[in-house]
Amino acid sequence: FCGPRGTGKTTIARLFAKALNCDQRDKQGDCDDSCSYCLAVKNSNSLDLIEIDAASQTGVDNIRELTDSVMVAAPGGKYKVYIIDEVHMLSKSAFNALLKTLEEPPAHVVFILATTEPHKILPTVLSRVQRFDFKRLTPRQIFGKLKQMAKHEKAIIADEGLLAIAMSSDGALRDAEVALSKVIASHDNKKEISVDDVYYSLGLIPLNYYPALLGYIASGD
């Protein structure tokens with residue numbers, strides 16, 4: 001899974017892990033989100049899902065430990081899913097140690113590699129995986145999600161303010177969610193949060209400033 005930050009790579013990887021082992025999958029293959037395995041993943045105590053941060057575990061010894069654990073069957077009896085986040089941070093020797101396992105993984109093992117920089121991954125690794133490219137979300141998509149979240153948090157925020165957050169997040173939903181949390185936390189005693197409150201909390205420049213600035217430049221003012 002590769003693409004810009006905050007576009008859902010790790011989240012989708014966890015959902016995929018849920019769907020692989022879910023006891024009550026629907027006809028589309030989606031997990032029910034309420035069986036024991038789904039709840040274990042949701043509560044971060046599943047023994048069948050192993051998440052590795054390659055940014056902090058870059059060495060060949062870390063990967064050797066991983067390849068040793070791969071041989072052990074999944075505790076739940078189905079699939080053992082390894083999510084390796086920021087996989088491009090692995091050293092060349094670590095990649096080579098992982099290569100053999102990626103080439104011939106045991107039937108009970110699934111690897112999901114997530115990265116923001118696929119060009120840094122060895123061609124020998126890329127040739128052995130399926131690649132899914134994640135794209136930035138549109139401001140309208142992010143706006144819709146922020147509106148849902150604001151409603152869930154019982155926060156009344158002007159639509160123009162939510163759109164300003166969506167525009168400033170550069171297609172990264174996670175950045176937009178963090179900004180929304182900051183705005184709500186900054187005005188938790190206010191009944192309604194205006195667009196000016198949003199601009200002030202996040203240090204954003206109001207959208208109407210841009211055409212005004214361009215007008216001054218065009219007229220030589």
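Residues numbered from 1 in each chain as written. Predicted model: local features only at pLDDT ≥ 70, side-chain atom pairs only at ≥ 80, totals over all residues. Heavy atoms only, no water.

On to the layout of surface pockets. Put simply, the largest pocket is a space of about 550 Å³. Elements represented by at least two residues in the lining of the largest pocket include exactly helix 1 (9-21), strand 3 (109-113) and helix 5 (123-126). For the lining of the largest pocket, the leading source of residues is strand 3, giving five residues. The residue makeup of the lining of the largest pocket, split by class, is 18 nonpolar, two polar and two charged. Of the voids in this model, the second largest pocket is the one considered here, and its volume is about 360 Å³. What lines the second largest pocket is a set of 16 residues, and nearest its centre among them are G6, G8, K9, T11 and R174. Sorting the residues of the lining of the second largest pocket by element identifies helix 1 and helix 8 (173-186) as the ones contributing at least two each. In terms of residue count, the dominant contributor to the lining of the second largest pocket is helix 1 (five residues). Its residues placed into classes, the lining of the second largest pocket shows three nonpolar, six polar and seven charged. (1 Å grid on protein atoms, 1.4 Å probe; cavity = no way out; pocket = protein on both sides within 12 Å on 5 of 7 lines; lining within 4 Å. Points joined across faces, edges and corners; volume = space filled by probe spheres on them. Helix = DSSP H or I, 4+ residues; strand = E, 2+ residues; numbered from the N terminus. Nonpolar A, V, L, I, M, F, W, Y, C, P; charged D, E, K, R; others polar.)

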